Amino acid sequence: MALVSMRQLLDEAAKGGYGVGAFNVNDMEQIQAIMEAAKETQSPVIVQASRGARQFAQDRYLFHLTLAANELYPEIPIAMHQDHGNRFDTCKSAIELGFTSVMMDGSLKADGKTPASFEENVEVTRKVVDFAHERGVTVEGEIGVLGGVEDGHGAGGSGLDHITDPDQAVEFAERTGVDALAIAIGTIHGAYKFTKKPDGSVLKMDVLIAIHKRLPKTHLVMHGSSSVPKDLQDIINQYGGKLKETWGVPVEEIQLGIRNGVRKINVDTDNRLAITGAIRKVFAETPEKFDPRDYLKPAREAMQKVVALRMQQFGQAGHAQDYKPLPITAMIKGYADGTLDTRPSVVGV
Ligand code: G3H
Ligand code: 13P
Ligand code: ZN
């Protein structure tokens, strides 16, 4: 069975009223953790690789590991996605490698830091959409800019500096024809999102709801959606780490988003925390050990636990066998004949 198009996977999520976690991977153990969690919860999955991940692991390894996962877990629909593509060529090379989805993050210039103009964003995203859709590949765009700098994505500052303007989101969706749209509603990449326990007003959920009403067929994406659980922070600090006090995105806010059009939820930091805590624990408690399997196995298990919990919380659990992946030719046809067109003027809002 082939990898599934992310568009089909998100269309199915919309039909079922659930969200799908998009988990970042950099190595085999992370892919294994996601797949075991998917098997345990019977979930469709999105495996995503950032530019940094493609460089770190060599993207061909990550791609073929994902194909191996597809062979080993034929009952699980798997989409493979480029996270935060910064230029046309990044998306093109991911598509040529076989990814079934790409994000063109044109909200920032190619340096991944400086906010781009609206026109620049439309232009580069449109170019990626044309190239991708001709090949049946899904495109996620971004409008508005996420805060945070620690992972190289975002324009710095607080998450509230560049909230998405709903009018711009509508114009952007109309002019680009993206399948999925990342919006900025106050989340930040990385562990340091909020300095106090966030209450219901911390994210601009009203903006998200307004955008969904006007773009009912464009799947919304929440980046920076790790919850940064206290117990994972505590394990790291208990075993010699030095994390400062911090709070992440409450799961209930994500669930509110899912009830209002959020279909893809990006999670990386929570898994990083789980892995690092598990490794630190082995190192601290059994310093005589030196076989990498002695710490990679608990690390993989710790990530599996986080991913399985998110799959339950996002609602994707139990939906792995609702549908069969469509061949890529069906997606190419759907884009060409307009049946997959989500532009607001076409779907009539
Ligand atoms: O959006 C960022 C993801 O957490 C990936 O981060 O670029 O350090 O791989 P990275
Ligand atoms: P977190 O840092 O909150 O896990 O966000 C990850 C992300 O948005 C990847 O694109
Ligand atoms: Zn992101």
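Figured I'd write up the structure that's included with this text. Note that residues are indexed from 1 along each chain, following the sequence as it is written. Throughout, the order in which chains and ligands are written sets their labels, letters from A for the former and numbers from 1 for the latter. In keeping with the predicted nature of the model, local features appear solely for residues at pLDDT of at least 70, side-chain atom pairs appear and are counted solely at 80 or more, and the whole-chain, interface and lining totals rest on all residues.

Further remarks concern the overall build of the protein. We count a stretch as a helix when DSSP gives it H or I for four or more residues in a row; a strand needs E for two or more, and each element gets its number in order from the N terminus. Counting its regular elements, the protein contains 14 helices and 8 strands. Relative to a compact globule of 349 residues, whose C-alpha radius of gyration would be 20 Å, the protein shows 19 Å and is just as compact. Counting only C-alpha atoms, the protein reaches 65 × 45 × 35 Å along its principal axes. Burial in this document is a count-based property: other C-beta atoms within 10 Å of a residue's C-beta are tallied, and the residue is buried at 20 or more, exposed at 12 or fewer, or partly exposed in between, with C-beta positions derived from the backbone. Taken across its 349 residues, the protein has 52% of its residues classed as buried. Residue pairs qualify as contacts under a 7 Å threshold applied to their C-beta atoms, which are placed from the backbone. Residue pairs at least 24 apart in sequence account for 75% of intrachain contacts in the protein once pairs closer than 6 positions are excluded. Only C-alpha atoms enter the radius of gyration; for comparison, a globular chain is expected to reach 2.2 Å times N to the power 0.38, where N is the number of residues.

Turning to the site of ligand 2, a few remarks are in order. Taken together, 13 residues lie around ligand 2, and His-223, Ser-226, Asn-266, Asp-268 and Thr-269 are the ones closest in. Residue composition of the shell around ligand 2, grouped by class: 1 nonpolar, 10 polar and 2 charged. Any residue qualifies as near a molecule or strand once its backbone-derived C-beta atom lies within 6 Å of it. Gly is placed with the polar residues, together with every amino acid not listed as nonpolar (Ala, Val, Leu, Ile, Met, Phe, Trp, Tyr, Cys and Pro) or charged (Asp, Glu, Lys and Arg).

Pairing between two strands requires that DSSP report at least two bridges joining them. Spatially, β1-β2-β3-β4-β5-β6-β7-β8 is the arrangement adopted by the 8 strands of the closed barrel, whose pairing is parallel. Geometrically, the sheet is characterised by an average inter-axis angle of 25° between neighbouring strands, direction not taken into account. Looking at chain direction, strand β1 (residues 20-24) and strand β2 (residues 45-49) are connected through 3 bridges and run parallel. Residue pairing across strands places Phe-23 opposite Val-47, the latter belonging to β2. As a rule, the C-alpha atoms of each element are fitted with a line to give its axis, helices using only the stretch in contact, and angles between N-to-C directions run from 0 to 180 degrees. The strands that helix α12 (residues 292-314) touches are β1 and β8 (262-267); relative to β1, the one it contacts most, it runs at about 155°.

Here we come to the pairing of β8. The side chains of a regular strand alternate, residue by residue, between the two faces of the sheet. Of all the 6 residues making up β8, 6 are buried; the element is thus mostly covered by neighbouring parts of the structure. As defined by bridge partners, strand β7 (residues 219-222) adjoins β8 across 3 bridges and the pair is classed as parallel. By the bridge assignment for β8, Val-221 is matched with Lys-264.

To continue, consider the environment of Val-221. Following the sequence through the fold, Val-221 ends up in strand β7. The exposure class of Val-221 is buried, given the 25 C-beta atoms found within 10 Å. Taking the C-alpha atoms as reference points, Val-221 and Tyr-295, 74 residues apart in sequence, are found 33 Å from one another.

One non-glycine residue with positive phi stands out, namely Gln-42, at about 55°. As for its placement among the helices and strands, Gln-42 is situated in the loop between α2 (28-41) and β2. With 16 C-beta atoms packed within 10 Å, Gln-42 lands in the partly exposed category. Of note, Val-228 is a non-glycine position whose phi angle comes to about 45°, a positive value. Summarising the element assignment, Val-228 is placed in the loop between β7 and α9 (230-238).

The next point concerns the pairing of β7. Of the two faces of β7, both are covered, the one formed by His-219 and Val-221 as well as the one formed by Leu-220 and Met-222. Across 3 bridges, the pairing between strand β6 (residues 180-183) and β7 is parallel. Bridge assignment links Ala-180 to a residue of β7, and that residue is His-219. When the strands point away from the viewer and the path from the first strand over the helix to the second turns clockwise, the crossover is right-handed. For the segment spanning β6, helix α8 (residues 205-214) and β7, crossover handedness is right-handed.

A few words now on the packing of α2 against helix α4 (residues 59-72). At a minimum axis separation of 10 Å, α2 and α4 run at an interaxial angle of 30°. Here α2 is positioned roughly parallel relative to α4, judged by the angle of their axes. Relative to α4, the crossing made by α2 is right-handed. Of the residues in α4, those touching α2 at Met-28, Ile-31 and Met-35 are Leu-65, Thr-66 and Ala-69. Tallied by class, the residues present in the contact of α2 with α4 amount to 5 nonpolar, 1 polar and no charged. By the definition adopted for this analysis, an angle is roughly parallel if under 35 degrees, roughly antiparallel if over 145, roughly perpendicular if from 65 to 115, and oblique otherwise. Helix crossings get a hand from a simple test, with the near helix turned counterclockwise from the far one by less than a right angle marking a left-handed crossing and a clockwise turn marking a right-handed one.

For the rest of this paragraph, the subject is the environment of Leu-72. Within the secondary structure layout, Leu-72 lies in helix α4. Sequence-wise, Leu-72 and Met-35 are 37 residues apart; in three dimensions their C-alpha atoms are separated by 9.1 Å.

Turning our eyes to something else, we now look at the nonpolar core. Note on definitions: a nonpolar core is a set of buried residues drawn from Ala, Val, Leu, Ile, Met, Phe, Trp, Tyr and Cys, linked by C-beta atoms within 7 Å. Of all hydrophobic cores here, the largest spans 93 residues; its most connected members are Ile-34, Val-102, Leu-181 and Ile-183. For this core, the element with the most residues is α12, which contributes 8 residues. Beyond its immediate chain neighbours, meaning those up to four positions away, Val-102 contacts His-81, Gln-82, Gly-85, Cys-91, Ala-94, Ile-95, Val-128, Ala-132, Val-137 and Val-139.

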